[in-house]
Amino acid sequence: MKLSGAQILIESLKREGVKYIFGYPGGQVLNIFDVLYDEKDIQLILTRHEQGAAHAADGYARASGKAGVCLVTSGPGATNTVTGIATAYMDSIPMVVLTGQVPNMLIGNDAFQEADIVGITRPCTKYNFLVKDVSDIARTIKEAFYIATTGRPGPVLIDLPKDITVAKTDFKYPEKVELRSYRPTVKGHVWQIKQAADAISKSKKPVIIAGGGVIISGSAAELKEFAEAAKLPVTMTMMGLGGFPGDHKLSLGMLGMHGTYFANMAVHESDLLIAIGMRFDDRVTGRVEDFAPGAKIIHIDIDPTSIRKNVRVDIPIVGDVKDVLKVLNKTMQDEGGHANPHRKVWLDRIEDWKAEHPMDYEQGDVIKPQFVVEKIYEITKGDAIIATEVGQNQMWAAQFFKYKKPRTWISSGGLGTMGYGFPAAIGAQFAFPNKLVFDIAGDGSIQMNIQELSTAVLHNLPVKVAILNNCFLGMVRQWQELFFQKRYSSTCLTGTPDFVKVAEAYGAVGLRAQKPSDVEGVIREAIKVKRPTFMDFVCDQLEKVYPMVPAGAAINEMLFRPPDCPPGEKLICKTVKQELKCRCVRAKRGM
Amino acid sequence: MRHIISVMVENKFGVLSRVSGLFSGRGYNIESISVGQTLDPTVSQMTIVTSGDDNIIEQITKQLNKLIDVIKVTDLTEFDHVEREMMLIKVQPRVEHRAETLRVAEIFRGVIVDSSAKTYTIQVTGDDKKLEAIIDLLRPLGIKEVVRTGKVAIAREAKS
Ligand SMILES: Cc1ncc(C[n+]2csc(CCOP(=O)(O)OP(=O)(O)O)c2C)c(N)n1
Ligand SMILES: [Mg+2]
């Protein structure tokens, strides 16, 4: 029996086990949406913006480990997904984005709603296809999922001209994929692994840096075995959070620009770094020339381009982290590499650093954002999926919540996309309807995809958005305060709506905490109502994220919390020529 | 240092822009690039001349390899290889220089592929040195236009 291209597309997606498509309709995808009208196995989740659809597919993928799928129309529908695609690309997230395209015969004509989305997304997809013939659809879907989910994963875009969704052909889904030009290296080089094992047993001051690769490859168990057996302290990149239990004795928390003092010091003083599934981003290394000056570096990564891109590497191992760690664990065991008399001295030294500068803050009469994050951790006992927006909120969420399991931390690392967290949380909640899902948000970021409240309300998703409302684009304001003489150029968010009323207007629940004693009750209430909820935490406006490695500094050159700002300090909001008084203005207005 | 990299790719539309986009997006320079089909019509061969320190060249070859459509990358600079480039030069000499022009072409084993009342078009093939040399000699005689193909290169077989 012959099927239309649209039917073939949906049948193919079923073969790939797709349950949800996040999408938005339009002229060039009408035929596909028409097939979805009767479809029972796949549900199309209508977001309220294509960017929301892309981030939701991404959040679904990060939470579940499966490829997220997103379907939009040509032109503006397609271009609206670009930020979402770039976000997924930077963080190696498997995603398949289906875009409608004008009919083949009109391509290149500047037709209505035509955009060269294949050209536009070439540098931010792992691969992309323009399918010109109906008989290529099934094979293309098969290849797209294969490419998106294997090797170093990433988003793949498939552009579908309208005429091929109508045209008919026989449907046969290919059994396997054969791409002569794409064969990721999975197995690590045994000799190199042996070298690594040797170096580890000889090292006096080793540190593991675990990155997103640990999570993607599903090797948290192997990492734990490795670290525990050889008593290796573990720090994580932001993408690696959850790859090693944050409450483990050997955990140093996050490293880098807003990493812990002890993680940064340990890395700086280390004589051997074991970098696992990470890529030495500049937010991690600080000034590269002074990064870990005394350390040998072992670098395990599936992507050869990550190795020696930013830092020197002594023992490179290209391969899948899970595969490599398994062999490494076995090698270390066989060679008795675990006993090391120096380890205690090193771990004691790290304990001293922990005592010297623990992660802390002081909770006074105004809500400190860190306090909110800690309370969420306490109340959920860490058993929740935490998505975040970008800015200070993201850093506090990374610092003050201890992620115990992989795929519980969902945050835009590489691109740092404001507006990511809320739709990503929606995607995560679809993947795990019974888990507690939070979006830790800023008052700026949440306004970038606030329309997705409709999606959450419509599907009654109990996503809980904790807005750390500081009335500012806080992270940018922090840089202005520290490095631009407090010239708060366009970072004051006067004009922000009342988030409680916004939530209510959409049919969601809105809650507000004005003072520290309200915080716990608001969080508990949000969990209790089991509905989409906005929690507006009226926070200290001047709170900053510490420690901080200033731009261009080495990671051991951290700034710490100075004595608190004098209460009542005036903040000049240039945008509306208004003076705000630090801390209490909004509380008085009852907002 | 200058490197000559041979890249075997799938013969599909868009592949050239993936490769050139990689270079422009990452700030690598391309001195020349040439593309053509191989014996297998589904495969094309690109020859890219680029330059950079060892780290950059390592990144370039790795990044090329990472492209889904790239089948094989060889840095020919590491091997004994032959490089050639073809050039068409249109010369417009004064009457008294016409004979000299033809003599220069002959010395370089150039071929006259077109001539008019006022011009000769000479085709020459060779390595950089040879092409630069003929340009130097023809310049005083009056060059109107030069078009070059960019380099192609191939590894030499071991002689035994
Ligand atoms: C889409 C986008 N635009 C701009 C930025 C630059 N940026 C980084 S953090 C930030 C401020 C975020 O403000 P808010 O969401 O209120 O978070 P806060 O830092 O106050 O917690 C901005 C503008 C960005 N990361 N993403
Ligand atoms: Mg803010």
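Residues numbered from 1 in each chain as written. Chains lettered and ligands numbered in written order. Predicted model: local features only at pLDDT ≥ 70, side-chain atom pairs only at ≥ 80, totals over all residues. Heavy atoms only, no water.

Caption draft 1: Quick look at the site of ligand 1. All names here are of chain A. Taken together, 17 residues surround ligand 1, and among them Gln392, Gly416, Asp443, Ser445 and Gly474 come closest. At 2.8 Å, a backbone N or O of Gly416 approaches a nitrogen atom of ligand 1. One nitrogen or oxygen atom from the main chain of Gly444 is found 2.8 Å from an oxygen atom belonging to ligand 1. Considering ligand 1 on its own, with 590 Å² of exposed area, one finds that the protein chains cover 76% of that surface. (Near = heavy atom within 4 Å. Polar contact = N/O pair within 3.5 Å; in protein donor to acceptor, adjacent residues only side chain to side chain. Areas by Shrake-Rupley, 256 points an atom, 1.4 Å probe, with all protein chains shown as cover.)

Caption draft 2: Representation of the packing of helix α16 (residues 369-380) of chain A against helix α22 (residues 516-529) of chain A. All names here are of chain A. Running from amino to carboxyl end, α16 crosses α22 at an angle of 45°, the nearest separation of the two axes being 10 Å. Taken together, the axis directions place α16 and α22 in an arrangement best described as oblique. The crossing of α16 and α22 is right-handed. Contacts between α16 and α22 involve Phe371, Val372, Lys375, Ile376, Ile379 and Thr380 on the former and, on the latter, Pro516, Val519, Glu520, Ile523, Arg524 and Ile527. Looking at the contact of α16 with α22 residue by residue, the class counts come to eight nonpolar, one polar and three charged. (Axes fitted to C-alpha atoms, helices over the stretch in contact; angles between N-to-C directions. Helix = DSSP H or I, 4+ residues; strand = E, 2+ residues; numbered from the N terminus. Parallel < 35°, antiparallel > 145°, perpendicular 65-115°, else oblique. Left-handed = near helix turned anticlockwise from the far one by under 90°. Contact = heavy atoms within 4.5 Å. Nonpolar A, V, L, I, M, F, W, Y, C, P; charged D, E, K, R; others polar.)

Caption draft 3: Representation of the side chain of Lys354 of chain A in the model. For Lys354 of chain A, the position within the fold is in helix α15 (residues 343-356). Ignoring anything within four residues of it in the chain, the contact list for Lys354 of chain A reads Lys249, Ser251, Leu252 and Phe262 of chain A.

Caption draft 4: Broad picture of the sheet that holds strand β17 (residues 437-442) of chain A. Residue and element names in this part refer to chain A. Read across the sheet, six strands follow the order β16-β15-β17-β18-β20-β19 without closing on themselves; strand pairing throughout is parallel. Edge strands, defined here as strands with exactly one partner in the open sheet, are β16 (409-410) and β19 (509-513). Alignment of strand β15 (residues 385-388) against β17, held across four bridges, turns out to be parallel. Across the sheet, the residue bridging to Thr388 is Ile440, located in β17. (Pairing = 2+ DSSP bridges.)

Caption draft 5: Summary view of the confidence of the model for chain A. With 95% of its residues at a pLDDT of 70 or more, chain A has an overall mean of 94. Confidence drops under a pLDDT of 50 for residues 582-591 of chain A, and excluding neighbours within four residues, the segment shows 26 contacts in the predicted structure. (pLDDT = per-residue confidence, 0-100.)

Caption draft 6: Structural detail: the interface of chain A and chain B. Between chain A and chain B, the contact holds 17 residues from the first and 19 residues from the second. When the two sides are added together, the surface that chain A and chain B hide from each other amounts to roughly 1,600 Å², 47% of it contributed by carbon and sulfur. Counting the surface chain A buries against chain B, the share from its top three residues, Tyr127, Arg180 and Ser181 of chain A, is 39%. Counting the contacts that link chain A with chain B gives four salt bridges. (Buried area = accessible area lost by both parts, 1.4 Å probe. Salt bridge = Lys/Arg side-chain N within 4 Å of Asp/Glu carboxyl O.)

Caption draft 7: View of the packing of aromatic side chains. The final tally for this structure, using the stated rule, is 19 aromatic pairs over all chains. Here the aromatic rings of Phe22 of chain A and Tyr60 of chain A are separated by 6.1 Å at their centres, their planes lie at 55°, and the arrangement is tilted. Of the two residues, Phe22 of chain A sits in strand β2 (residues 20-23) while Tyr60 of chain A sits in helix α3 (residues 50-64), which places them 38 residues apart along the sequence. Taken individually, Phe22 of chain A and Tyr60 of chain A each receive the classification buried, so the pair is uniform in this respect. Three or more aromatic residues joined by ring pairs form one cluster here, namely Tyr20, Phe22, Tyr60 and Phe430 of chain A. Here the basic side chain of Lys132 of chain A rests over the ring of Phe13 of chain B, its NZ or CZ set 5.0 Å away from the ring centre. Of note, Arg477 of chain A hangs over the ring of Phe472 of chain A, and the distance from its end group to the ring centre comes to 5.7 Å. (Phe/Tyr/Trp six-rings, centres within 6.5 Å; stacked < 30°, edge-to-face > 60°. Buried < 20%, exposed > 50% of the residue type's maximum accessible area, 1.4 Å probe, protein only. Lys NZ or Arg CZ within 6 Å of the ring centre and 35° of its normal.)

Caption draft 8: Local environment of the sheet that holds strand β2 (residues 29-37) of chain B. Residue and element names in this part refer to chain B. The four strands lie next to each other as β2-β3-β1-β4, forming an open sheet whose pairing is antiparallel. Lying at the two open borders of the sheet, with one neighbouring strand each, are β2 and β4 (70-75). With strand direction ignored, the average angle separating the axes of adjacent strands in the sheet is 20°. As judged from the nine bridges shared by strand β1 (residues 2-10) and strand β3 (residues 43-51), these two strands associate in the antiparallel manner. Within β3, the position partnered with Ile5 by the bridge is Ile48. Each of β1, β3 and β4 touches helix α2 (residues 54-66); the most contacted strand, β4, lies at about 160° to it.

Caption draft 9: How the structure looks around the layout of surface pockets. Computed from the structure, the second largest pocket encloses a volume of approximately 1,100 Å³. Contributing to the lining of the second largest pocket are 40 residues, with Tyr89 and Asp303 of chain A together with Gln63, Lys66 and Leu67 of chain B lying nearest its centre. Across the lining of the second largest pocket, the residue classes tally to 16 nonpolar, 12 polar and 12 charged. (1 Å grid on protein atoms, 1.4 Å probe; cavity = no way out; pocket = protein on both sides within 12 Å on 5 of 7 lines; lining within 4 Å. Points joined across faces, edges and corners; volume = space filled by probe spheres on them.)

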